[in-house]
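# Secondary and tertiary structure notes
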Amino acid sequence: MRRHRITERLASAARVTALVAIVASASLADAQRRTVPGGHAPRRILPRGDARRHAVPRGEAQPRTVPRGEGPDAAPVRPIDGVPYVAVNDLARLLDATKFWRPDARKLVLRGGHHSITFTVDNPFVVVDDATLWLPDPVRTQHGELQIPAALVDSLPSDSTLARLFYDARRSRVIVLPASGGVGSPALTSQGAVTRLTFPADRPDQVVVMARSREHFRIRFEGHFTGVLPESLPADGLLRSLRPIPALDGSAFECEIAREAAGFRLVQSVERRRLVLELLREATPDAEPFAPEGPTGPRPIRVVVLDPGHGGSDPGVIAGKAVEKDLTLELAKLLRTEIEHRLHARVVLTRGDDRDLSAEQRAEMANRARADLVLSLHFDGFVASRARGATAYCPPATFAAAGTQEGGEGARGPGQPLLMLPWREVSVRHAVGSRALAEAVLSALELRGQGPTRLRERLPCPLLGVNAAGILLECATLTAPADRERVQQPAGLRDLAATIAEGIQAWQRNE
Amino acid sequence: MRRPLVLIAVAVLVIGSLAWFVRHWVRRTHVSPPLVAADSSAVGVRAARLYFASPSGDSLVVESREMIEAASLHDRVARLLAELDRGPRGAGTAALPAGTAALHVFLDDRGLLTLDVSRAFQRGFRGGSNAEYLAVASLVRTLAANLPEVKRVLIVCGGQPLPTLGGHLPLDQPLDVNEWP
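Residues numbered from 1 in each chain as written. Chains lettered and ligands numbered in written order. Predicted model: local features only at pLDDT ≥ 70, side-chain atom pairs only at ≥ 80, totals over all residues. Heavy atoms only, no water.

With that settled, consider the overall build of chain B. Helix and strand counts for chain B come out as four helices and seven strands. In sequence order, chain B lays out its α and β elements as α-β-β-α-β-β-α-α-β-β-β. Counting the 181 residues in chain B, one finds 40% classified as buried. A separation of at least 24 residues holds for 59% of the contacts in chain B among residues at least 6 apart in sequence. Looking at chain B as shown, the accessible area adds up to about 9400 Å², and 61% of this sits on carbon and sulfur atoms. (Helix = DSSP H or I, 4+ residues; strand = E, 2+ residues; numbered from the N terminus. Buried < 20%, exposed > 50% of the residue type's maximum accessible area, 1.4 Å probe, protein only. Contact = heavy atoms within 4.5 Å. Areas by Shrake-Rupley, 256 points an atom, 1.4 Å probe, with all protein chains shown as cover.)

This paragraph deals with the nonpolar core. Generally speaking, nonpolar side chains in soluble globular proteins are found buried as a group. With 47 residues, the main nonpolar core has Val77(B), Leu115(B), Phe121(B), Leu139(B), Leu143(B) and Ile155(B) as its most contacted residues. Mapped onto this core, the elements with two or more residues apiece are strand S1 (45–53), strand S2 (60–68), helix H2 (73–86), strand S3 (102–107), strand S4 (112–117), helix H4 (129–146) and strand S5 (152–157) of chain B. Of the residues forming this core, the biggest block, ten residues, is contributed by H4(B). Residue contacts for Val77(B): discarding those within four places in its chain leaves Ala102(B), Val105(B), Leu115(B), Leu143(B) and Leu147(B). Phe379(A), Leu442(A), Cys475(A) and Leu478(A) belong to the second-largest nonpolar core, a separate cluster that totals 42 residues. (Core = buried A, V, L, I, M, F, W, Y, C linked by side-chain atoms within 4.5 Å.)

Let us now look at the pattern of salt bridges. According to the stated counting rule, one finds 36 salt bridges over all chains in the structure shown. Between Asp354(A) and Lys325(A) there is a salt bridge; the shortest N-O distance is 3.0 Å. Here the residue Asp354(A) occupies a position in the loop between strand S26 (346–349) and helix H4 (359–368), and Lys325(A) occupies one in helix H3 (residues 324–343), the gap between them amounting to 29 residues. The shortest N-O distance in the salt bridge between Asp58(B) and Arg454(A) comes to 2.4 Å. Pair noted here: Asp58(B) is in the loop between S1 and S2 and Arg454(A) is in strand S29 (residues 453–457), and the two residues belong to different chains. (Salt bridge = Lys/Arg side-chain N within 4 Å of Asp/Glu carboxyl O.)

Moving on to the sheet that holds strand S12 (residues 173–177) of chain A. Residues and elements named next belong to chain A. Pairing within the open sheet is antiparallel, and its three strands lie in the order S1-S12-S11. A single partner strand is all that each edge strand has here, and the edge strands are strand S1 (74–76) and strand S11 (164–168). Adjacent strand axes in the sheet meet at a mean angle of 20 degrees when their direction is disregarded. When S1 meets S12, the two strands line up antiparallel, connected through three bridges. Its bridge partner being in S12, Ala75 is matched across the sheet by Val174. Packed onto the sheet, helix H2 (residues 88–95) meets S1, S11 and S12 and runs at close to 170 degrees relative to S1. (Pairing = 2+ DSSP bridges. Axes fitted to C-alpha atoms, helices over the stretch in contact; angles between N-to-C directions.)

Before going further, it helps to spend a moment on the sheet that holds strand S6 (residues 115–120) of chain A. For sheets, the rule is that strands pair by backbone hydrogen bonds, running either parallel or antiparallel. Here seven strands make up an open sheet; going across it, the order is S8(A)-S7(A)-S6(A)-S5(A)-S4(A)-S1(B)-S2(B) and the pairing antiparallel. One side of each edge strand has no neighbouring strand; the edge strands of this open sheet are strand S8 (131–134) of chain A together with S2 of chain B. Across the sheet, the mean angle separating the axes of adjacent strands is 25 degrees when strand polarity is ignored. Where strand S4 (residues 98–102) of chain A and strand S5 (residues 107–112) of chain A come together, five bridges link them in antiparallel fashion. Note that in S5(A) the partner of Thr98(A) across the bridge is Arg111(A). Packed onto the sheet, H2(A) meets S4, S5 and S6 of chain A together with S1 and S2 of chain B and runs at close to 15 degrees relative to S5(A). Sheet strands touched by H4(B): S1 and S2 of chain B. Its angle to S1(B), the strand with the most contacts, is close to 160 degrees.

Now for the pairing of strand S23 (residues 303–308) of chain A. Residue and element names in this part refer to chain A. With six of six residues buried, S23 lies mostly within the body of the structure. In S23, alternate side chains face the same way, and those of Val303, Val305 and Asp307 on one face and Val304, Leu306 and Pro308 on the other are all buried. Across four bridges, S23 lies against S26 in parallel orientation. Paired with Val305 across the strands is Val348, a residue of S26. Note: S23 against strand S27 (residues 373–380), five bridges, orientation parallel. Pairing of Val305 across the sheet is with Val374, part of S27.

Time to look at the packing of helix H7 (residues 481–488) of chain A against helix H8 (residues 490–509) of chain A. Residue and element names in this part refer to chain A. Orientation of H7 relative to H8, taken along the N-to-C sense of each, is 95 degrees, at an axis distance of 4 Å. Looking at the two axes, H7 sits roughly perpendicular to H8. The segment H7 lies against H8, with Arg486, Val487 and Gln488 engaging Pro490, Gly492, Leu493 and Leu496. Counted by class, the contact of H7 with H8 contains four nonpolar, two polar and one charged residues. (Parallel < 35°, antiparallel > 145°, perpendicular 65-115°, else oblique. Nonpolar A, V, L, I, M, F, W, Y, C, P; charged D, E, K, R; others polar.)

A separate point is the packing of aromatic side chains. All names here are of chain A. Throughout the structure, instances matching the rule amount to eight aromatic pairs over all chains. Each ring, one from Phe199 and one from Phe253, has its centre 5.0 Å from the other, and the planes form 40 degrees; the classification is tilted. In this pair, Phe199 is assigned in strand S15 (residues 194–200) and Phe253 in strand S20 (residues 251–257), connecting sequence segments 54 residues apart. Phe253 carries the same exposure label as Phe199, and that label is buried. Pairing Phe264 with Phe290 gives two aromatic rings, centres 5.4 Å apart and planes at 40 degrees, and the pair type is tilted. Separated by 26 residues along the polypeptide, Phe264 in strand S21 (residues 263–269) and Phe290 in the loop between strand S22 (274–280) and S23 bring together distant segments of the chain. Judged on exposure class, the residue Phe264 and its partner Phe290 are both buried. (Phe/Tyr/Trp six-rings, centres within 6.5 Å; stacked < 30°, edge-to-face > 60°.)

Turning our eyes to something else, we now look at a nonpolar patch on the surface. Together, Leu18(B), Trp20(B), Phe21(B) and Val22(B) line one region of the surface with nonpolar side chains, adding up to about 470 Å² of accessible area. For Val22(B), the position within the fold is in helix H1 (residues 2–31). (Patch = residues over 30% accessible without salt bridge, like charges linked within 9 Å, V, L, I, M, F, W, Y side chains within 5 Å.)

Below, the discussion takes up H2(A). All names here are of chain A. Of all eight residues that make up H2, seven are buried, and the element is covered over most of its length. Along H2, the residues classified as buried are Val88, Asp90, Leu91, Ala92, Arg93, Leu94 and Leu95. Downstream of H2 by a residue or two, Asp96 has a phi angle that is positive, lying close to 55 degrees.

So, about the packing of helix H6 (residues 431–447) of chain A against H8(A). When two helices pack together, their arrangement is given by the angle between the helix axes and the distance between those axes. Residues and elements named next belong to chain A. Look at H6 against H8: their axes get within 8 Å of each other, and the N-to-C directions meet at 135 degrees. It follows from the interaxial angle that H6 and H8 lie oblique. The element H6 and its partner H8 pack so that their crossing is right-handed. In this structure, H6 contributes Gly433, Ala436, Leu437, Ala440, Val441, Ala444 and Leu445 to the contact, and H8 contributes Leu496, Thr499, Ile500, Gly503, Ile504, Ala506 and Trp507. Of the residues contributing to the contact of H6 with H8, the split by class is eleven nonpolar, three polar and no charged. (Left-handed = near helix turned anticlockwise from the far one by under 90°.)

Residues and elements named next belong to chain A. Among the structural elements, Gly433 can be located in helix H6. When its relative accessible area of 0% is taken as the criterion, Gly433 is described as buried. For the pair Gly433 and Gly470, spaced 37 residues apart in sequence, the C-alpha to C-alpha distance is 8.1 Å.

Residues and elements named next belong to chain A. Following the sequence through the fold, Thr198 ends up in strand S15. Among the residues examined, Thr198 registers a relative accessible area of 18% and is labelled buried. In contact with Thr198, not counting residues within four places along its chain, are Ser185, Pro186, Ala187, Arg274, Leu275 and Val276.

Right, let's talk about the confidence of the model for chain A for a bit. Atomic detail in the predicted coordinates should be set aside for any region of low pLDDT. Residues and elements named next belong to chain A. For chain A, per-residue confidence averages 78 on the pLDDT scale, and residues scoring 70 or more make up 79% of the total. Confidence, expressed as mean pLDDT per element, reaches its minimum in chain A at helix H1 (residues 2–33) with 40 and its maximum at S23 with 94. Segment residues 9–70 is flagged for pLDDT under 50; beyond a separation of four residues in sequence, or across chains, it makes 111 contacts in the model. Note on residues 399–413: pLDDT under 50 across the span, and 41 contacts to partners over four residues away in sequence or across chains. (pLDDT = per-residue confidence, 0-100.)

So this is what it looks like as structure tokens:
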């Protein structure tokens, strides 16, 4: 009996293994057995509309691509005899569908959500649920993999159980659209005292203003951006720059807005499927104010708290003879001298020797000292020795942060609701100033050749409960031989301290 | 006289051969079923998106990998973590501490996934904030990419709350998958 069960399990495992091999190789066998038909005369798709509008026009100039994080989930579209095709494995991945191969009928079935799509090799008919679609070109095999005409993408079912795809002919790719659809190319107009930025969007009602500061005004769409940004901005307008920023779902944009702008208005037109961001030179009753960013000119710095990372039983990163807790302490002492000399500010170290300190104790020391600025000093480490350079972490400039200004009190008007914030996240009140500090310090490091640098907007542990502008700075990467060698030399560490002090000075000048 | 004997012998031989063949055929069908069913609809394969650290440690790189479809949520998460632990096949570096595995998984009706990972997640961690960021981002993004129903992830370790992995990033509260781009 037991032997029989084992035999059954082995047979089952073998079936599964064989199936995987078959799915991978069946298309190859088909490709070897059959010749790819050459004819691809356009045909009508039944019962839906003509999909030939998406054929890739030859010789058309490619638009400027938009650099943005990783972008949406996408698959490449490659032409076969001039007809755009997408690989079936990519299509299954985008649809989050499971593949079933029927070798006897030479059919591949994709099942995703409540739907099934059946392809037959060298056949233009595709069965989608109960409907039969007649594609303009047949399903083909190439390099051992089924290739599906990209025209199919627009004929797939559109409901919540199956991913919604979009064939982006200009970029030769198929992307997954969220349920909220897409966001098209924005148009920018400037008329008198108003500058309008108009985005075509499937769901303009879902747009959120993430940050309201003029320097980092951010809006987020639930839909994916499928358009292109304008090549240039009008000189007389109130928009200084517009760039996409990474967003896991949907798309987000960051604008830099001129200081002359007094307010903004967000006009969400669901019927016309567009969102208009109006930037106004003069304040009106219905205009929303920007988040105050503090007065221009020098920032007052009376107390600087330097927090050497780790300590005591926590050595931090160890690479060769370099120990993070020792380097951070040494750097903090050097930096104290630099800051006292350059800024004439009082400098407080959270630890002056090698001992354990909790994050709460560090935050309490900073708050008791009434710090204007907190710098948590660290050195990085990573498994791959190619990783090098410096990274700064600052509190995220979220909507909550944008409601207040650096240095303390918020800019809420009398009609605006009270904003409750957990104390652990109190440092997001200073997000704008913290980001400016991070950019100033990283810029100084780059100028001195101590990069590459990275900036991450994420609230780190050492800033939890800290009521001041601050950053966590990974000054160098100890696992990178060049970085390690540099900071292990006294001159290298002194140079690093001077560079960070330069960055703080630049932030203090606030030019 | 000899002719009936020959006929009987031939008949016995034919019947015996037939009986042996039938018995052998029946046993074979019982003991070793065909490796591949004519219709393989019972088992499917699905592409999973796995996030690893880039070689320079700046960001994440995504790798698509075919996996046998799992029925339960626990099995799906466990297989995803096993693949992350196995490391990338292309360019990239495993971001999760070696030996990290899923112990328990619970998904509530608001999309909060509580993921209990093995102690290796904490004990095997080496590095600074970058390694910490990439380890958490690799985990959160892989779960979000393959389990659309997951909106937030709470990581616990060995059944205990995990305040932080390496002292740089807080993990004591659920992580919104939208905040790990």
